[in-house]
Each structure stands twice: as structure tokens, then as C-alpha cells.
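Fold and contact review
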Amino acid sequence: MRLLLVEDNARLASLIREGLDRQGFAVDWCESVDGAEHALKLNAYDLLLLDLGLPDGEGLDLVRALRRRQDMTPILILTARGGLDDRVMGLDAGADDYLVKPFHTPELAARCRALLRRPGASLGTQLAIGNVVLDTAGREVAVAGAPIEATPREVDLLECLLRRAGHVVAKPALEGAIYSMDAEVTPNALEAIVSRLRKRLAAAAADVQIRTVHGVGYALFGPVLEHG
């Protein structure tokens, strides 16, 4: 899942990104309203994490602008403004949730997952094909009911493929979902993740296949039923 963090405190932004990265999120970062507008034009994000007091404007104005143009990207406000009136104003402006600083990363990650599980959002609670099941809340993979180990990026890859099962997902789309915008990605990084995930699934006797479409991307296919 790819998130955009809008926060002008560089140290706090770094801590948030590191914490959410460990939770399996890819997080892009900008420091201003203008930077957020630019990033939102260039990329599709699953969730926006937004500070309110920004160097070039007010975060709530960005919330209102997005909602006016029918951009329904989930928005989680992260701010030191903890008063009741502040929270009400933020939610009434169109934000989906409101978290007061300071906060702990596990709670932030849980709130992100909760927003992404809402109807119409990016996460369902469970994705399955064949005997492979992904619990998107717990970020756990099971094959035939038995859990298997997988790295956060392998889980991200599997989720992208599960959501488009039977269809080819282009390499840039997969890389965009797995890595943040400024991540240093080697040319064969995605191929390496695919290879490791294939081996894990094969070792667990999964009845799905990750097929390579050369020059395009990858597709996940479930078991083929034979008719007698």
C-alpha cells in the first residue's frame, strides 16, 4: 500500500516513514501543501497522512480542496491540535480520521489499516485464490490453512497480484505499490522478490502460479479445474 505523508518536521517524518515501512507500507513524503498537490497529480495514493500547520498553508484547506473535486482518497490527520473543536473541524472538513501527536507507530499503522479496510477502500480484510489466503489486516499469508513466512515486500507483491488475479500487473505498478518514490531500487529488485515469493508458495504446495509476461509484468493464476 502506498501512502503520502505531508509533514514539515523532517525528523518526525523520518520516524513515521521508518515505522510504517516496517509495517509493510510504502510512504512518500513532502513538506508542504504545494508538494502534496504535486505528488497527488503524479501518483495514485491509497491514503494521505496530513499535518495541519504547514509552511505554505493550512492542511484543512487541502482536505476541502480534495473533497470539492471529488477526490475521495482516505485522509488521516496527524496534528498536535488535540482540542475537541479542532477534531470536529477536521472531520467536518472531510478527513476520515484524526490522530493527535504524540502517538505510537503501532496505533498509526492500525488506523491506516482500518481506513483502508473501509468499503470502497484499498484493503479488504481477506483475499484468497486457490488455497492461498492473505489476511490484509495482520499481513499474514496462509497456504491450505497453514501460515507461511513472508517479508513485508513479498506480502505487498502478493496483495497486488491477488487484487488483479488473472490479469497482468505491469512492473511499474508493482514497484509503485511496493517501494516509496525515493527508494533506491536496483534493476532486478522486483524480479528477486517475485522469485522468493514463488519459492515460498511452491514449498508450501500452493496451487497458484505467478506467471511472467516478458517486458510487461506479472500475473497470478489460481488452479485450473478439470472437467470430466
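In what follows, the structure referred to is the one given above.
Residues numbered from 1 in each chain as written. Predicted model: local features only at pLDDT ≥ 70, side-chain atom pairs only at ≥ 80, totals over all residues. Heavy atoms only, no water.

Further remarks concern the overall build of the protein. The secondary structure content of the protein amounts to eight helices and 14 strands. Compactness check: the protein gives a C-alpha radius of gyration of 19 Å against a globular reference of 17 Å for 228 residues, within 12% of the reference. Seen through its principal axes, the protein has C-alpha atoms that stretch 65 × 35 × 30 Å. Classification of the 228 residues of the protein by burial places 46% in the buried group. When contacts within the protein are restricted to residue pairs at least 6 apart in sequence, those whose partners lie at least 24 apart make up 57%. If you average the places of the 26 positive and of the 32 negative side-chain charges in the protein, the two averages end up 3 Å apart. (Helix = DSSP H or I, 4+ residues; strand = E, 2+ residues; numbered from the N terminus. Rg over C-alpha atoms; globule rule 2.2 N^0.38 Å. Buried < 20%, exposed > 50% of the residue type's maximum accessible area, 1.4 Å probe, protein only. Contact = heavy atoms within 4.5 Å. Lys, Arg positive; Asp, Glu negative; His and termini not counted. Charge placed at Lys NZ, Arg CZ, Asp CG, Glu CD.)

Right, let's talk about the pattern of salt bridges for a bit. Any two side chains of opposite charge can pair, so long as their charged atoms come close to each other. The tally for this structure, following the rule as stated, stands at 14 salt bridges. Between Asp51 and Lys101 there is a salt bridge; the shortest N-O distance is 3.4 Å. Here the residue Asp51 occupies a position in the loop between strand E3 (47-50) and strand E4 (53-54), and Lys101 occupies one in the loop between strand E7 (97-100) and helix H5 (105-116), the gap between them amounting to 50 residues. Each member of the pair, Asp51 as well as Lys101, carries the same accessibility label: buried. Residue Asp97 is joined to Arg111 by a salt bridge in which the shortest nitrogen-to-oxygen separation is 2.9 Å. With Asp97 in strand E7 and Arg111 in helix H5, this residue pair connects regions lying 14 residues apart in the sequence. For Asp97, a relative accessible area of 17% translates into the label buried. Since its relative accessible area comes to 24%, Arg111 is described here as partly exposed. Overlapping salt bridges bring together Glu7, Asp51 and Lys101 as one network. (Salt bridge = Lys/Arg side-chain N within 4 Å of Asp/Glu carboxyl O.)

Geometric values such as these leave the question of function open.
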